[in-house]
Amino acid sequence: MNERQSTILSYITEHTEARNSDLVPLIGPCSPMTLWRDLEKLEKEGYIVRVRGGAILSQKPRLAGLESAFSERIHQNTAAKERIARLAAGLLRSNHAYYLDAGSTVAALTRRLKVGNYTVLTSAVNIASELALSSRFNVTLLGGQVSPNTLSCSGPQAEAMLDGMNIDVAVMATSGYSVTSGFTVGSLQEAQLKQKIIRKAAFSIMLLDSGKIGKNHPFTFASLANIQILICDQTPPEDILRAATAANTQIFTPEDPLSSDQREALYQRLLQQKRL
């Protein structure tokens, strides 16, 4: 999906429908045939349905490129998610205020957290319910509309709750990543919530398994420049390595030459620098 098509889809997703005359000012000068081809592509991929003079949002979200249901995704790429979870758990310590994002990789992380007392803010219903069973966690769940795809709460209520909260470290998840589109998800509300969390957090860690590299969903919520540490299950492609270097983003993988103690020391140094 190119930038023009992503703009079209974002508008139709927000308004549920659009006339061709609504779309032309958004995408700049282009021929009617170009717009027709863009709408045709979005319809073939299940995002929209074309109607006379415009298009409407598809009523079949599973065909619209949205994330598969959480119950299905939790069983996908489990080995990769566990490798990421082990690295991330080696960094986190108590006595910080953490945001734990929704997602099956973050859920794997929560089961590996080291002993200590943690203050956790999360939008994920499943993560909140699991952590709340332990006295080691002081858990706050954001309110809002619950997504069946991610089991996360989002929307105006969730964003309003953030206004009075402080986050030391945000551990984020994504549905897809590419150098051109950044970190993307399939929900506008979730993208807006993630954007606000990253702005509020003093430090951000992104968990990215290799199965999501090269996948673009409709809504971008961050770029590498917004992330201080990227944790992957294997060394990412060369274009991502170059982009991370340009953005001053540290990448951790099981294949890197660092020991767990060295990764933790580097994380603590980067965290301290970010807070100064």
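About the criteria used
Residues numbered from 1 in each chain as written. Predicted model: local features only at pLDDT ≥ 70, side-chain atom pairs only at ≥ 80, totals over all residues. Heavy atoms only, no water. Helix = DSSP H or I, 4+ residues; strand = E, 2+ residues; numbered from the N terminus. Rg over C-alpha atoms; globule rule 2.2 N^0.38 Å. Buried < 20%, exposed > 50% of the residue type's maximum accessible area, 1.4 Å probe, protein only. Contact = heavy atoms within 4.5 Å. Salt bridge = Lys/Arg side-chain N within 4 Å of Asp/Glu carboxyl O. Axes fitted to C-alpha atoms, helices over the stretch in contact; angles between N-to-C directions. Parallel < 35°, antiparallel > 145°, perpendicular 65-115°, else oblique. Left-handed = near helix turned anticlockwise from the far one by under 90°. Nonpolar A, V, L, I, M, F, W, Y, C, P; charged D, E, K, R; others polar.

Student: Requested: an account of the overall build of the protein, with residues and values cited.
Tutor: Summing up its helical and strand segments, the protein has 11 helices and 15 strands in all. Scaling as 2.2 N^0.38, a compact globule of 276 residues should have a C-alpha radius of gyration of about 19 Å, and the protein matches this with 19 Å. Across its three principal axes, the protein shows a C-alpha extent of roughly 60 × 40 × 35 Å. Classification of the 276 residues of the protein by burial places 48% in the buried group. Long-range pairs, those at least 24 residues apart, make up 58% of the contacts in the protein with a sequence separation of at least 6.

Student: How would you sum up the pattern of salt bridges? Please name residues and give values.
Tutor: Applying the stated criterion to the full structure yields 12 salt bridges. Measuring nitrogen to oxygen at the nearest pair gives 2.7 Å for the salt bridge that ties K41 to E45. Look at K41 and you get partly exposed, because its relative accessible area is 28%. Residues R83 and D233 are paired through a salt bridge, measuring 3.5 Å at the closest nitrogen-oxygen approach. Linking R83 in helix α5 (residues 78–89) with D233 in the loop between β14 (229–232) and α10 (238–247), this pair joins segments that are 150 residues apart in sequence. For R83, a relative accessible area of 29% puts it in the partly exposed group.

Student: I'd like a rundown of the packing of helix α1 (residues 3–15) against helix α3 (residues 32–44), residues and numbers included.
Tutor: The contact between α1 and α3 brings their axes to 10 Å, and the two run at 65°. When the interaxial angle is binned, α1 and α3 end up roughly perpendicular. Here α1 runs over α3; the crossing is right-handed. Residue-level inspection shows R4, Q5, I8, L9 and I12 of α1 in contact with α3, the latter providing T34, L35, D38, L39, K41 and L42. Across the contact of α1 with α3, the residue classes break down as 6 nonpolar, 2 polar and 3 charged.

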